[in-house]
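Next come the chains, spelled out residue by residue.
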Number of protein chains: 2
Amino acid sequence: MSSNRAFNSHKGTGNKTLLADKGWNLLAEDVGLPAAVLRESALEQNAQWMQRFSQQAGVKLAPHGKTTMSPSLFKQQLDTGAWAISLATIPQVISAYQHGVRRVIMANQLVGKYHCEQLVELLRDPSFEFYCFVDSVDNLRWLGEFFQQHQVTINVLLEIGVPGGRCGWRDLKDVSALVDVITKYSSISLAGLSFYEGVIHGDNAEQKIVEFVSEIKQLCQELVSQKVFDAEQVLITGAGSAWYDVVAKELTTDTSIDFVPVIRPGCYLIHDTGIYQDAQQSVMSRSQLACDIGGDLVSSLTIWAYVHSVPEPGLMIIGFGKRDAAFDAGLPTPELHFRSGDSAPKTVPSHWQSVKIMDQHLMVKTHADDDVKVGDIIVFSTSHPCLTMDKWRFINIADENYVIHQQIETFF
Amino acid sequence: MSSNRAFNSHKGTGNKTLLADKGWNLLAEDVGLPAAVLRESALEQNAQWMQRFSQQAGVKLAPHGKTTMSPSLFKQQLDTGAWAISLATIPQVISAYQHGVRRVIMANQLVGKYHCEQLVELLRDPSFEFYCFVDSVDNLRWLGEFFQQHQVTINVLLEIGVPGGRCGWRDLKDVSALVDVITKYSSISLAGLSFYEGVIHGDNAEQKIVEFVSEIKQLCQELVSQKVFDAEQVLITGAGSAWYDVVAKELTTDTSIDFVPVIRPGCYLIHDTGIYQDAQQSVMSRSQLACDIGGDLVSSLTIWAYVHSVPEPGLMIIGFGKRDAAFDAGLPTPELHFRSGDSAPKTVPSHWQSVKIMDQHLMVKTHADDDVKVGDIIVFSTSHPCLTMDKWRFINIADENYVIHQQIETFF
């Protein structure tokens, strides 16, 4: 096997020569299936849409990069105007740094000797701006000692949480225990406040989120008056992909203090046809600003796969499974059907339903007399995007004619 | 960043120099967490146990390699005596081939031009023995034409299925439609029969499986008498990790015809503390042969992670999530608790329970007064193993002292 073929052993790859020449045509089966395919125009539309939203809402955009872990897509987001990339772990931060990202919010606690040792090397680069979350006295003391020993300063954002939620200091009225530790260590620079409202659920979630963000603003104001922030600009950062409109609005309403509001949606670039489509419909129904931007987010990621078997009338077995697609927020949704020789893929009948997913297979119910054959290609959308993305080392970017001109790498 | 550091940006890796010198000590935090860790002695025990079972049951062992997709582990299985490696897709087959595997059962249909073109190159190597499943006339015709054009012969195993199951020809009484196509193409060599009994469920699953396998043996006998097999040795292959004892017993009982029985369990080497532990307990309660072997399968895979936050009494937030561990067959189970300075990890209290998993976090309920701290290490087992393995590009192999001397690569 040549080294070309070695490259091609990854699932979803195609013939290298063709790619350089005229691209891989998905309909001509130039690519091994299953394959993960991103629609170029949808990526562009989504990147632009969220950037415009952020600009018009008056907030900075720090897209959560953990969704895609693809430096090519980080670059697209930064080129479109994103202020920073948010990430969840130190290996993710290192990957982003190695690919040129120079402003990172690690929307997570920084824990563990090995990762801190790795981070120290990055922080010695004066061009690299880094923030992480802290929510405990124990963690702050440990970080203070560690970075003092290494003579490096680390920027932290106090993470505020809600009862029953995830991380985050629970007492919004009193953060003095944390502030006391921070002021002890010159190696720790308090740069702002942070939160993740995505853990707030229930019928009155919107109202609870508004109140939560409002209280965080009040806390920020108190801390400003106490002069405990070291940074020139104080950040307040929150917002996943479901409530970014509510967070942005509250962060930019009636603020008498000077802080930089930063939102961190992760799933807008890929989007989906499941939980984030539903979430975005809620955004559009709530936010006049979102409606005024024009257009909307669209699902950009599909899985292309073959029909492997039609073992009994009304049942198709498709050649992909849990190894290739998310299944934690609904099963993959069949969208298009193509048979070699057809001029273009057709929209599938609405009664086609994924009923079961296994490691390497998906079962789809059809009507008994539907025209489906082994070797047909079925195109699926999935939900949620983070867990489809992390199943692929290489993801294809296709144009409107289903021709792939670029294959991007992921770093999970 | 040096290239050493580039390597280290993958999650769960450690300092290269230490590994070469005295290994990475998990308790000394030589490795970034979360990390996936395989216990060397458990791998050895499991490999030996299943090989002995197969030998004493009189069947060949073709472990399903899709579980681990790790050539180092394929080698261990083959070195222990496995007859072949089973795989699910052509990219998996190519990876195995590139790492020296020379007998493969692709326990799946072979569909798609691109992958067939890749396979042709492998089949031209006379040292490479390959079998795939077929279950439809359409697929057989396509394969017949394709391999005829390329002047290569492909070995196929007729896959037999059950109503409501996955792939597989449903009519056990009549496979003449398939045989007719096969006899038309000299490019197709019928080498045996195959099935996957893991889709048979219900209270009387065992009896149904016995009958199913028995009928397949009868079908094999008829096909032998019809002289439709081309191969010198006829294979009958079935059995995942849950029913291999039942399948092996039935395949080797009262057989008047000469065939090679092959079982394909995938999860025994890694095993787990969830669905496959339960399945193995059933094996041990059913099979005297399994009991007579001595010892048993043990869970070999753990995830090591830090406590990131103890935001309220009785709740720990752990620094790993859906991005790092299976969650399709129960949430990860906390097993061990270690604090820097302790002499060894302690078994966790039985009331510690994982209650929710998110992309990068796991929530664990404890008692309010349990002694847990940010920075503590918690070790988890998971279920099922396939979906933990595919989250990692590098997996650590540790000895009984939690020292890592080897890191193996996966090829998902």
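Residues numbered from 1 in each chain as written. Chains lettered and ligands numbered in written order. Predicted model: local features only at pLDDT ≥ 70, side-chain atom pairs only at ≥ 80, totals over all residues. Heavy atoms only, no water.

A. Quick look at the overall build of chain A. Secondary structure assignment for chain A yields 13 helices and 19 strands. On C-alpha atoms alone, chain A measures out to a radius of gyration of 23 Å, which is about the 22 Å that the 2.2 N^0.38 rule sets for 412 residues. A principal-axis box enclosing the C-alpha atoms of chain A has dimensions of 70 × 50 × 35 Å. Considering chain A as a whole, with its 412 residues, one finds that 64% of them fall into the buried category. (Helix = DSSP H or I, 4+ residues; strand = E, 2+ residues; numbered from the N terminus. Rg over C-alpha atoms; globule rule 2.2 N^0.38 Å. Buried < 20%, exposed > 50% of the residue type's maximum accessible area, 1.4 Å probe, protein only.)

B. Expanded view of the relation of the copies chain A and chain B. The transformation that overlays chain A on chain B combines an axial shift of 0.0 Å with a rotation of 180°, and the residual RMSD is 0.0 Å. Here the copies are linked by what is in effect a two-fold axis. Ranked by how close their C-alpha atoms come to the rotation axis, the residues of chain A are headed by Lys391(A), at 3.8 Å. Take the interface residues of chain A: 100% of them recur as interface residues in chain B, which is what a same-surface contact looks like. (Least-squares fit on C-alpha atoms with pLDDT ≥ 70 in both. Contact = heavy atoms within 4.5 Å.)

C. Structural view of the packing of helix 3 (residues 40-57) of chain B against helix 10 (residues 244-251) of chain B. Residue and element names in this part refer to chain B. Interhelical geometry of helix 3 versus helix 10 gives an angle of 25° and a closest axis separation of 10 Å. What the angle tells us is that helix 3 and helix 10 run roughly parallel. Once helix 3 is placed against helix 10, the crossing between them reads as right-handed. Side by side, helix 3 and helix 10 meet where Trp-49, Met-50, Phe-53 and Ala-57 of the first sit next to Tyr-244, Asp-245 and Ala-248 of the second. (Axes fitted to C-alpha atoms, helices over the stretch in contact; angles between N-to-C directions. Parallel < 35°, antiparallel > 145°, perpendicular 65-115°, else oblique. Left-handed = near helix turned anticlockwise from the far one by under 90°.)

D. Up close: the interface of chain A and chain B. Opposite the 81 residues of chain A that make contact, chain B presents 81 residues. Taking both sides of the interface into account, the surface hidden between chain A and chain B amounts to around 6500 Å²; carbon and sulfur atoms contribute 52%. Counting across the chain A and chain B interface gives ten salt bridges. In this structure, Lys322(B) engages Asp328(A) in a salt bridge whose closest nitrogen and oxygen atoms are separated by 2.7 Å. The set of elements that each furnish at least two residues to the side of chain A that touches chain B consists of helix 1 (3-8), helix 5 (90-98), strand 5 (103-109), helix 6 (113-123), helix 7 (137-149), strand 11 (301-312), strand 12 (315-318) and helix 13 (385-389) of chain A. (Buried area = accessible area lost by both parts, 1.4 Å probe. Salt bridge = Lys/Arg side-chain N within 4 Å of Asp/Glu carboxyl O.)

E. Representation of the UniProt feature "domain: D-serine dehydratase-like" (unreviewed entry) in chain A within the structure. Those residues carrying the UniProt feature "domain: D-serine dehydratase-like" (unreviewed entry) are residues 300-399 of chain A in this numbering. End C-alpha to end C-alpha, residues 300-399 of chain A measures 11 Å, and it is 5% helix and 43% strand. (UniProt positions renumbered as here; feature names shortened; annotations may be inferred.)

F. Layout of the pairing of strand 9 (residues 235-238) of chain B. Residues and elements named next belong to chain B. In strand 9, alternate side chains face the same way, and those of Leu-235 and Thr-237 on one face and Ile-236 and Gly-238 on the other are all buried. Both strand 8 (residues 188-195) and strand 9 contribute to a ladder of three bridges, which runs parallel. The residue bridging Ser-194 from the neighbouring strand is Thr-237, located in strand 9. For the segment spanning strand 8, helix 9 (residues 205-225) and strand 9, crossover handedness is right-handed. Looking at chain direction, strand 9 and strand 10 (residues 260-263) are connected through four bridges and run parallel. (Pairing = 2+ DSSP bridges. Right-handed = clockwise from strand over helix to strand, strands pointing away.)

G. Looking closely at the packing of aromatic side chains. Following the criterion strictly, the structure yields 21 aromatic pairs over all chains and no others. Ring plane angle 85° and centroid distance 5.6 Å describe the contact between Phe195(A) and Phe212(A), whose orientation is recorded as edge-to-face. One end of the pair, Phe195(A), is in strand 8 (residues 188-195); the other, Phe212(A), is in helix 9 (residues 205-225), with 17 residues separating them in the sequence. With respect to burial, Phe195(A) and Phe212(A) carry one shared label: buried. Sitting over the ring of Tyr97(B), Arg102(B) keeps its end group 3.8 Å from the ring centre. Across from the ring centre of Phe327(B), 5.2 Å away, lies the NZ or CZ of Lys322(B), which sits over that ring. (Phe/Tyr/Trp six-rings, centres within 6.5 Å; stacked < 30°, edge-to-face > 60°. Lys NZ or Arg CZ within 6 Å of the ring centre and 35° of its normal.)

H. Here's a closer look at the pairing of strand 13 (residues 333-338) of chain A. Residues and elements named next belong to chain A. In the sheet, strand 13 pairs with strand 17 (residues 377-381) via five bridges, with the strands oriented antiparallel. Among the inter-strand pairings, Thr-333 is bridged to a residue of strand 17, identified as Ser-381. As judged from the two bridges shared by strand 13 and strand 14 (residues 346-347), these two strands associate in the antiparallel manner. Counterpart to His-337 in the pairing with strand 14 is Lys-346.

I. Expanded view of the environment of Cys116(B). All names here are of chain B. The topology assignment puts Cys-116 in helix 6 (residues 113-123). A sequence separation of 250 residues divides Cys-116 from Thr-366, and the C-alpha atoms of the two residues are 53 Å apart. Those residues in contact with Cys-116, other than ones at most four positions away along the chain, are Leu-110, Trp-142, Leu-143, Phe-146 and Phe-147.

J. Focus on the sheet that holds strand 7 (residues 154-160) of chain B. On the basis of which strands lie adjacent, the open sheet formed by eight strands has the order 3-10-9-8-7-6-5-4 (chain B) and parallel pairing. The sheet is open, and its two borders are formed by strand 3 (60-61) and strand 4 (85-87) of chain B, each paired with just one other strand.

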